[in-house]
Amino acid sequence: MPLMRLDKMLADQGVASRKELREIIRSGRVCVDGATETHPERKLDPTLAAVTLDGERVGYRRFHYYMLDKPVGVVTATEDRRQRTVLDLLPAELRRLGLFPVGRLDKDTSGLLLLTDDGDFAHRVISPKSCVKKRYYAEVEGEADEQDALAFSRGIVLGDGTRCLPAELELLGGGRCLVTVMEGKYHQVRRMLASRGKPVLALRRLSVGGLRLEESLGPGGFRELSEQDLCTLFKE
Ligand code: URA
């Protein structure tokens, strides 16, 4: 691992801004390998050095990965002048990490949204070539049936002629169903169901690959993903 400045290493972990960190380090609150370090420009290998702030160990992670239970009414964007975004749901130290949403959920869709600062990871999750399945719970007007399930399995052609990859529709009864897709076209699940005359009333993403939404997080709740979670996501 190339050497890195101490203030950058701490800033990359979302501890504080680079400017704030220069003050924090100069005031003697940071130790490197057990010794107080007051030089923000001190170079270190972040994977080897033991860095503490006020006695608390600050571990180094090159990239960051979070799951969020996106509530209805929040837009999937990093910033918006008028509306609350998914980034607004995070505390300041996480907003500093440069996280962005992996793919997009509509304002009216709730459920599992991944946030990361790792572009390659995001691409791998989104690209249909990776075959990462996205599973949704939907409530529809009317009742989806076996004919709809068959049409989904053959690949729905949307009203504008867009052809979707084969998808899975599981019928739960009572106007409820599960939809599994491997791509993320604009309003895809809503448009697929609407094309069968079953407009969506509510939509919630339950899983991405093998990774399931942790329902105990609650709307707006989030948590960091472990290495194990990332393996689970791609292992499906
Ligand atoms: N499909 C949709 O129609 N909306 C979403 O938010 C996600 C998938």
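This text goes with the structure placed above it.
Residues numbered from 1 in each chain as written. Predicted model: local features only at pLDDT ≥ 70, side-chain atom pairs only at ≥ 80, totals over all residues. Heavy atoms only, no water.

With respect to the site of the ligand
At step 1: In the vicinity of the ligand, the residues found are Leu105, Asp106, Thr109, Tyr136, His187, Gln188, Val189, Arg190 and Leu203.
At step 2: In the model, an oxygen atom of the ligand is placed 3.1 Å from a nitrogen or oxygen of the His187 main chain.
At step 3: Gln188 has a polar backbone atom sitting 3.3 Å from an oxygen atom of the ligand.
At step 4: Taking 230 Å² as the accessible area of the ligand by itself, protein coverage stands at 95%.
At step 5: Its atoms largely coinciding with the cavity grid, the ligand occupies the largest pocket.
At step 6: No other element matches the three residues that helix H6 (residues 188-195) contributes to the shell around the ligand. (Near = heavy atom within 4 Å. Polar contact = N/O pair within 3.5 Å; in protein donor to acceptor, adjacent residues only side chain to side chain. Areas by Shrake-Rupley, 256 points an atom, 1.4 Å probe, with all protein chains shown as cover. 1 Å grid on protein atoms, 1.4 Å probe; cavity = no way out; pocket = protein on both sides within 12 Å on 5 of 7 lines; lining within 4 Å. Sits in = over half its atoms within 2 Å of the grid points. Helix = DSSP H or I, 4+ residues; strand = E, 2+ residues; numbered from the N terminus.)

Here's the deal with unusual backbone geometry
At step 1: A positive phi angle is found at Asp54, which is not glycine, with a value near 50°.
At step 2: Relative to the helices and strands, Asp54 resides in the loop between strand S5 (51-53) and strand S6 (56-57).
At step 3: We classify Asp54 as partly exposed; its relative accessible area is 47%.
At step 4: Of note in the backbone geometry, Cys131 takes a positive phi value of approximately 55° without being a glycine.
At step 5: Relative to the assigned elements, Cys131 resides in the loop between helix H4 (119-126) and strand S10 (134-140).
At step 6: The exposure class of Cys131 is partly exposed, given its relative accessible area of 44%. (Buried < 20%, exposed > 50% of the residue type's maximum accessible area, 1.4 Å probe, protein only.)

Remarks on the sheet that holds strand S3 (residues 35-36)
At step 1: On the basis of which strands lie adjacent, the open sheet formed by four strands has the order S3-S2-S5-S6 and antiparallel pairing. Strands at the two margins of the open sheet, each flanked by one partner only, are S3 and S6.
At step 2: Bridge count between S5 and S6: two bridges; the pairing is antiparallel. Of the residues in S6, the one forming a bridge with Leu53 is Glu56. (Pairing = 2+ DSSP bridges.)

Description of the nonpolar core
At step 1: Ranked by size, the top nonpolar core spans 33 residues in total, and within it Leu115, Phe152, Leu169, Val179, Met192 and Leu193 carry the most contacts.
At step 2: Elements with a minimum of two residues in this core: strand S7 (65-70), strand S9 (109-116), S10, helix H5 (146-154), strand S12 (176-181), H6 and strand S13 (200-208).
At step 3: Among all residues touching Val179, those that are not within four sequence positions of it are Lys134, Arg135, Tyr136, Phe152, Glu168, Leu169, Val189 and Leu193.
At step 4: Leu6, Leu10, Val58 and Tyr60 belong to the second-largest nonpolar core, a separate cluster that totals 17 residues. (Core = buried A, V, L, I, M, F, W, Y, C linked by side-chain atoms within 4.5 Å. Contact = heavy atoms within 4.5 Å.)

Observations regarding the packing of aromatic side chains
At step 1: Scanning the model with the defined rule gives three aromatic pairs in all.
At step 2: Geometrically, the ring pair formed by Phe121 and Phe234 is edge-to-face, given 5.8 Å between the ring centres and 85° between the ring planes. Highlighted residues: Phe121 in helix H4 and Phe234 in helix H7 (residues 227-235), separated in sequence by 113 residues.
At step 3: On the basis of relative accessibility, which here comes to 26%, the residue Phe234 falls in the partly exposed class. (Phe/Tyr/Trp six-rings, centres within 6.5 Å; stacked < 30°, edge-to-face > 60°.)

Regarding the pairing of strand S11 (residues 168-173)
Looking along a regular strand, one sees side chains alternate from face to face of the sheet.
At step 1: In terms of strand pairing, S11 meets S12 through five bridges, oriented antiparallel. From the neighbouring strand, Leu169 faces S12, where its bridge partner is Val179.
At step 2: In this structure, the hairpin formed by S11 and S12 is closed by a connection of two residues, where Gly174 is found at a positive phi of approximately 65°.

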